[in-house]
Each structure stands twice: as structure tokens, then as C-alpha cells.
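If you want the building blocks of each chain, they are given just below.
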Amino acid sequence: MRTARTHRRATALGLAALFTAAALATTTACGSSEDASPKSDSGDKKKSAASGQALENKAYGYNPYAWATRRDSRIGVYGIELHGQSFTLGGEVKLVLYKDNRVPGVPSWYRTTTARWKTGRHGGAFDVTTGMLDCTAYGYAKDSTLMALDVTTNTWSNKVRVSTGCSR
């Protein structure tokens, strides 16, 4: 009787060890970002660094933040500059403008840039001259929304309200 009990206990311990080893192997394989193929492309290293920065930003709860400023003009025509911080360093950022009186969800203007290190700002930052007129300088109401998407983390910035409808 003791041998049957000992045999069952040994079998149970063996199965437990087998399941533990399988779980460890699966966890290690799932957590690994490396595969068997050699990587010679420097773009992969950039993506790896960008995703590491993205994870760090998410861990600390940093949200992408954008704001607009008026670009000075010598001839009285003011432009809109869009700025941002707390984006993934080295990651792609998509900038879009939605006008209130247009089809909802369809951007009227867009541009892509790369978030880079800037003194005094956290994470990846950018400064983009949009080429659009800043109509608030002429007394027009804010009629458009600018936003920036951090492609690496798939996170949108805050909404930045601006006026682009100078012809109304």
C-alpha cells in the first residue's frame, strides 16, 4: 500500500514539475522580443529603443501633451506653430487638424514628424510650423482642433483649439 501511495505522490510531483517547467518556458518565450533570425537593420534598434521609451512613459503615467503658439510675422500675417512633449523619444508622431464645419472624423490637415529630445521638455518633443494662418489674431473664434498621435503607444494628445477660418 505504501508503494502505491508513494508512486501516486511521485507521479503528482513529476507532473507539477513538468507544468512548472512548461509555464516558465512559455513565460520566457512570450516576454522575449528576440526571434531566431539575425537582425541587421538599424531601424529595428530604433524601434526597440522607441518602444522602451514608450513603456517608460506609460509606467510613469506621462501623457502626450500638445500646445499651439502664434508665429511672429514682420508683415502682419501670423502662422500657427504646434509643439509637443512627453511623446515616445524617436517615435513617429502624426499631427492632424479637424475643422468644426467639415465632415466629422476626417482631418482637414495632417503631417507626420519624429519626436526628438529638446532641452526643458520630458520625453520626445517636437516643434512644427503648420503653414496655416492663426485667425485669432484677427478676432475670429476658434473653429478647429489640432491633435497629435504618438504612434508607438497609440495615444492621442490633448485637444488644442485654434482658429483657421479667416475667410468667414
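Residues numbered from 1 in each chain as written. Predicted model: local features only at pLDDT ≥ 70, side-chain atom pairs only at ≥ 80, totals over all residues. Heavy atoms only, no water.

(A) Expanded view of the overall build of the chain. When you go through the chain residue by residue, the secondary structure sums to 2 helices and 8 strands. In the chain, the order of α-helices and β-strands from amino to carboxyl end is α-α-β-β-β-β-β-β-β-β. Per-residue burial for the chain yields a buried fraction of 29% across its 168 residues. With the model as given, the accessible surface of the chain reaches about 11,300 Å², and the carbon-plus-sulfur share is 55%. (Helix = DSSP H or I, 4+ residues; strand = E, 2+ residues; numbered from the N terminus. Buried < 20%, exposed > 50% of the residue type's maximum accessible area, 1.4 Å probe, protein only. Areas by Shrake-Rupley, 256 points an atom, 1.4 Å probe, with all protein chains shown as cover.)

(B) Inspection of a nonpolar patch on the surface at higher detail. On the surface, Val77, Leu133 and Tyr138 cluster together into a nonpolar patch covering about 250 Å² of accessible area. Inspection of the secondary structure puts Val77 in the loop between β1 (65–71) and β2 (79–87). Overall, Val77 belongs to the partly exposed group, its relative accessible area being 39%. (Patch = residues over 30% accessible without salt bridge, like charges linked within 9 Å, V, L, I, M, F, W, Y side chains within 5 Å. Salt bridge = Lys/Arg side-chain N within 4 Å of Asp/Glu carboxyl O.)

(C) Spatial organisation of the confidence of the model for the chain. Confidence in the prediction for the chain averages 76 pLDDT; 61% of positions are at 70 or higher. Scored below 50 in pLDDT, residues 15–40 shows 2 contacts in the model against residues more than four places distant or in partner chains. (pLDDT = per-residue confidence, 0-100. Contact = heavy atoms within 4.5 Å.)

(D) The sheet that holds β1, seen in detail. In spatial order, the strands read β1-β2-β5; together these 3 strands make up an open sheet with antiparallel pairing. Both edges of this open sheet fall to β1 and β5 (124–133), since each of them pairs with a single strand only. Each neighbouring strand pair of the sheet contributes to a mean axis angle of 20°, computed without reference to strand direction. Here β1 runs beside β2; their pairing, made up of 7 bridges, is antiparallel. Bridge pairing in β2 places Trp67 opposite His83. (Pairing = 2+ DSSP bridges. Axes fitted to C-alpha atoms, helices over the stretch in contact; angles between N-to-C directions.)

(E) Quick peek at the pairing of β2. Of all 9 residues that make up β2, 8 are buried, and the element is covered over most of its length. Pairing of β2 with β5, which is carried by 6 bridges, proceeds in the antiparallel orientation. Across the sheet, Gly84 pairs through a bridge with Phe126, a residue of β5.

(F) Examining the nonpolar core more closely. Grouped together as the largest cluster of nonpolar side chains are 16 residues, with contacts concentrated most on Val93, Leu95, Phe126 and Leu146. At the level of secondary structure, the elements contributing two or more residues to this core comprise β2, β3 (92–99), β5, β6 (144–150) and β8 (160–162). Among residues more than four places away in sequence, those in contact with Val93 are Phe87, Arg111, Thr112, Thr113, Ala115, Phe126, Ala148 and Leu149. (Core = buried A, V, L, I, M, F, W, Y, C linked by side-chain atoms within 4.5 Å.)

(G) Here's a closer look at the side chain of Thr164. Assignment of secondary structure puts Thr164 in the segment after β8. In terms of polar contacts, Thr164 uses its side chain to reach the side chain of Ser144, at 2.8 Å. Setting aside its immediate chain neighbours within four residues, Thr164 contacts Ile80, Leu97, Lys99, Met132, Leu133, Cys135, Asp143 and Ser144. (Polar contact = N/O pair within 3.5 Å; in protein donor to acceptor, adjacent residues only side chain to side chain.)

(H) Just the side chain of Arg121, in detail. Counting through the fold element by element, Arg121 comes out in the loop between β4 (109–114) and β5. A polar contact of 3.2 Å, which involves the side chain of Arg121, links it to the backbone oxygen of Gly84. Side-chain polar atoms of Arg121 contact the side chain of Asp127, separated by 2.8 Å. Aside from chain neighbours lying at most four places away, what touches Arg121 is Trp67, His83, Gly84, Gln85, Phe126 and Asp127.

(I) A look at the environment of Asp127. Structurally, the position occupied by Asp127 is in strand β5. According to the relative accessible area criterion, Asp127 is partly exposed, its value standing at 36%. Separated by 13 residues in the primary sequence, Asp127 and Thr114 place their C-alpha atoms 9.9 Å from one another. The contacts of Asp127, once residues within four sequence positions are left out, are Leu82, His83, Lys118 and Arg121. A distance of 3.4 Å separates a polar atom in the side chain of Asp127 from a polar atom in the side chain of Lys118.

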